[in-house]
Amino acid sequence: MPKQYAMLGGEPVLRRTLRAFVEHPRIDRVTVVIHPDDRGLYENAAADFKILPPVSGGATRRVSVLNGLSALEDDPPGRVLIHDAARPLVSPDIILRSLDALDRCAGAVAAVPVHDTLKQSDEAGSIRRTVPRTGLWRAQTPQAFHYDEILKAHRATNDDTLTDDAAVAERAGLTVALVEGAEENLKVTTEQDLARAEMLLRTAPSGTIRIGSGYDVHRFSANGDHVTLCGIAIPHEKGLAGHSDADVGLHALVDALLGAIAAGDIGTHFPPSDQRWAGADSRIFVEHARDLVAEAGGMIENVDVTLICERPRVGPHRQAMCTMISELLAIPANRVSVKATTTEGLGFSGRREGIAAQAIASVRIPA
Ligand code: MG
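Caption draft 1: Structural view of the sheet that holds strand β9 (residues 137–146). The four strands are arranged β5-β9-β6-β10 in an open sheet whose pairing can be described as mixed. Across the chains shown, the open sheet's two edge strands, defined by having one partner strand only, are β5 (79–82) and β10 (176–180). Between one strand and the next, the sheet's axes are offset by a mean angle of 30°, whatever the strand orientation. Inspection of the sheet shows β5 paired to β9 by four bridges, in the antiparallel sense. Across the sheet, residue Val80 finds its bridge partner in β9, namely Phe145. The strands touched by helix α5 (residues 147–155) within the sheet are β5 and β9, with β9 carrying the most contacts at an inclination of about 115°.

Caption draft 2: Seen up close, the side chain of His83. Mapped onto the fold, His83 is located in the loop between β5 and α4 (92–101). Side-chain polar atoms of His83 contact the side chain of Thr141, separated by 2.8 Å. For His83, the contacting residues outside a window of four places in its chain are Thr17, Phe21, Val90, Thr141, Pro142 and Asn185.

Caption draft 3: Focus on the coordination of the magnesium ion. Within the protein, the atoms that donate to the magnesium ion are Asp216 (OD), His218 (NE2) and His251 (ND1), at distances of 2.2 to 2.3 Å. Read N to C, the donor residues that coordinate the magnesium ion are spaced as D-x1-H-x32-H. One end of the pair, Asp216, is in strand β11 (residues 208–219); the other, His251, is in helix α8 (residues 248–260), with 35 residues separating them in the sequence. For the pair shown, Asp216 and His251 are each scored as buried.

Criteria and cut-off values
Residues numbered from 1 in each chain as written. Predicted model: local features only at pLDDT ≥ 70, side-chain atom pairs only at ≥ 80, totals over all residues. Heavy atoms only, no water. Pairing = 2+ DSSP bridges. Helix = DSSP H or I, 4+ residues; strand = E, 2+ residues; numbered from the N terminus. Axes fitted to C-alpha atoms, helices over the stretch in contact; angles between N-to-C directions. Contact = heavy atoms within 4.5 Å. Polar contact = N/O pair within 3.5 Å; in protein donor to acceptor, adjacent residues only side chain to side chain. Donors = N, O, S within 2.8 Å, 3.2 Å for Na, K, Ca; no water. Buried < 20%, exposed > 50% of the residue type's maximum accessible area, 1.4 Å probe, protein only.

Here it is, written out as structure tokens:
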């Protein structure tokens, strides 16, 4: 069985690789290049991931990558990462570094410096010479490029001795930067690699979990015909008053995310005194908080929002709210919870003067 479908820590190698990208806040779309014979293995490994349909590979690695790139041509991305399916332990920060390097370079390759002394052998297996290792690196993936440039570079060559996409880019005259990879980002090609990856998984410190909480209230306004809760517009006899769209659910969520990384509160980042945020769609606040979590090296584990009101009824909209938040945060829907409660007619929410919301977010900071 191809190694990308071998089981690692209870699931296929490819599934772990996919998760690293699908769950990364800076990744919009993922497609996998597969051998048509492996369709069943692929379906199993990619089950439930929201990704593009797989693309059939070619006779060589180069052709397979070209097929994958070409499949994106109708709706071309600005940047693309090309990654070995058999490198399941790629970390979020390597993905981030590779993407960020494209701000200053045409391409970027994760790599680790060579520490061993290198020998070149003769036919008899004796040392012919010692190769200076200064400035030598082992190239890994992801390899990151501006989409249109790497597609053009691939189409300009049919040289199958080019063993990675950086070599294709170099051939096209593009400058490719090296960014810090990791020894853990190994390529699983042999049984020993699989055993080593398994060992790394079992012994890797899982990092620390940070928790943040958020709370927000908005009063009903005198008029209006809907309220916006967790990004969903719900018809109602009154609107909510506020500087932005008054989405209490998302405001509490933003504060929870910011709280988890100790990055202030929503007012710090989006002051009500700033006219830019008048009537703003609160989803942009959530996206900003999500990006701050990623910049802090964090991965959002789960979020839980509770809406507190007598009316409108939240139940019929819960699923849409969960889907909205899951898409905003780029995390699977089963890590998003939206709940609702009343206060049995007590207090301001009971008197239907306004809506309150509270939220909790947990963020994993990898070791
Ligand atoms: Mg608010």
